[in-house]
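Structure at a glance
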Amino acid sequence: MSKEALVINRRNFLTTVAIGSASAAALAACGQPAPSQTGSADNPVTINYTWWGNDDRAERTRKAIALFEEKNKDIKVNGNFTDFPGYWQKRATEAAGGGLPDVMQWDLSYLRDYGQRNQLLDLSTVKIDTSAFDKSLLPSGQIRGKTYGIPTSTNAFAVYYDPAKLASLGIAEPDGSWTYKEFNTFLAEVGAKGNGALFGSTDYTSVWWMFNIWLRQNNIEAFTEDGKLGFGKDDLKKWWNLTADLRGTPALVSEERVTQLAPKSPFGSNATATEVTWDNYMAGYLADSGAKALKVVPVPSDDPDNLGLFLKPSMLMVASAKTKNKDAAARFIDFMVNDPEVGQIFKTSRGVPASKTQRDGTTFEGADKLVVDYEKSIEQYLKDAPEPPIVGFGTLEASFKRVASDLNYGKLTIDGAADAWFKEAEDLIKQNA
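About the cut-offs
- Residues numbered from 1 in each chain as written.
- Predicted model: local features only at pLDDT ≥ 70, side-chain atom pairs only at ≥ 80, totals over all residues.
- Heavy atoms only, no water.
- pLDDT = per-residue confidence, 0-100.
- Contact = heavy atoms within 4.5 Å.
- Buried < 20%, exposed > 50% of the residue type's maximum accessible area, 1.4 Å probe, protein only.
- Helix = DSSP H or I, 4+ residues; strand = E, 2+ residues; numbered from the N terminus.
- Pairing = 2+ DSSP bridges.
- Core = buried A, V, L, I, M, F, W, Y, C linked by side-chain atoms within 4.5 Å.
- Polar contact = N/O pair within 3.5 Å; in protein donor to acceptor, adjacent residues only side chain to side chain.

Counting all residues, the mean pLDDT for the chain is 89, and 91% of those residues have values of 70 or more. Across residues 1-35, where pLDDT falls below 50, the model places 65 contacts with residues more than four positions away in sequence or in other chains.

For strand S7 (residues 157-161), a buried count of five out of five residues is recorded, marking the element as mostly surrounded by other parts of the structure. Burial along S7 is two-sided: the face carrying Phe157, Val159 and Tyr161 and the face carrying Ala158 and Tyr160 are both buried. Across five bridges, the pairing between S7 and strand S8 (residues 274-278) is antiparallel. Across the sheet, Tyr161 pairs through a bridge with Thr274, a residue of S8.

Turning our eyes to something else, we now look at helix H7 (residues 208-217). Most of H7 is tucked away, with 10 of its 10 residues classed as buried. Count one or two residues on from H7 and you reach Asn219, which has phi positive near 55°.

In terms of nonpolar packing, the biggest core is built from 71 residues, with Phe157, Trp208, Met210, Trp239, Trp240 and Trp421 touching the most fellow members. Counting residues per element, this core draws most heavily on helix H16 (residues 414-431), which supplies eight residues. Beyond its immediate stretch of four places on either side in the chain, Met210 contacts Phe157, Tyr180, Tyr204, Trp239, Val276, Val299 and Pro300. Counting residues in hydrophobic clusters, the runner-up holds 35 residues, among them Ile47, Tyr49, Ala319 and Phe335.

Here the focus is the side chain of Arg247. With respect to the helices and strands, Arg247 occurs in the loop between helix H8 (233-241) and helix H9 (255-261). Within polar-contact distance, the side chain of Arg247 engages the side chain of Thr205 at 3.3 Å. Reaching out from Arg247, the side chain makes a polar contact with the side chain of Asn408 at a distance of 3.1 Å. For Arg247, the contacting residues outside a window of four places in its chain are Asp203, Thr205, Trp240, Leu252, Leu407, Asn408 and Ile414.

Have a look at this one:
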């Protein structure tokens, strides 16, 4: 996501998950775990649910849980949440001890890591209604014919901008039909007129998913079917060279400034006029920036017929392979992804509802409507959602950001940055061969 990516010590991670898998196998050999249980209104079964997010998501999630319990008196849901980095550290620790929560909010980056090691329940073995989902989206939660994740919602990449800031600089609003050269020229103009108080954007080439989109625009695979890199070092150098002339100029906010503003983004902190990221960040950006209105348009592309865009599950719902309450877990997942009232609670704060049933039952207004309308506007350009990335992708995504940061700090040349990232990527792929 992503901004929320995390570097996990790969060796420790693989060790903890492997131990958890061994524990699961041992339990199965002993005739455990216990079969799925049922409850009653007087004696409900309890399932644990965990998610990552901020206080706003926590409040919405608690409302959804309360609604579920009201409609399902025989099930009680214990919920807890943490921030994104802490979330994955906890999951790795739990996997080692064989104690993953019954139901979990999940990220596509980590689905294959846990799914292929038998830590997650095959959801095709339980009752969850997926008839209202776009068939091109469901493969994102599937691995080797098994369904490990059900998308809650979708998001797509976009260029955010603040119309008031552009108006104050006398710059016309973009329509999103631009090449990379035209986009860079736009950023340079914003920076030049911003007089050091307003920059064009952060460096969009530091974001893995934007690189992925650029690869798709050039008909290059990010990963091959056998888990290898589908692009070469020269492709990565070409990508990082796109903004070479902008680094160190007012077109791009400096890496030092980005660090100073964290945990807020430069865009949310009103340091930049634009940002390239997922469209479901709208509510957060509005809250952080205090802007009256923000708008989104498509990302640049040198091929107007191929924007490389796709709908990515902004998050998925998964269950532990060792849950003792499979039926209750399945009912909760089905409720969270399909119930229209849940859609009304979340709106687009976790993305546009993936289920048509939930989407059609939700009223979208203001900023939420902007996000929904944006995804409708790019329908003709959308390609199939990517399958779950290779094992260790979460680490690769985070290292991509870290190496790009070193490039922007001036610690690495483009050649050095490409060499550094490829070495990390190839070493990790070799570990998981």
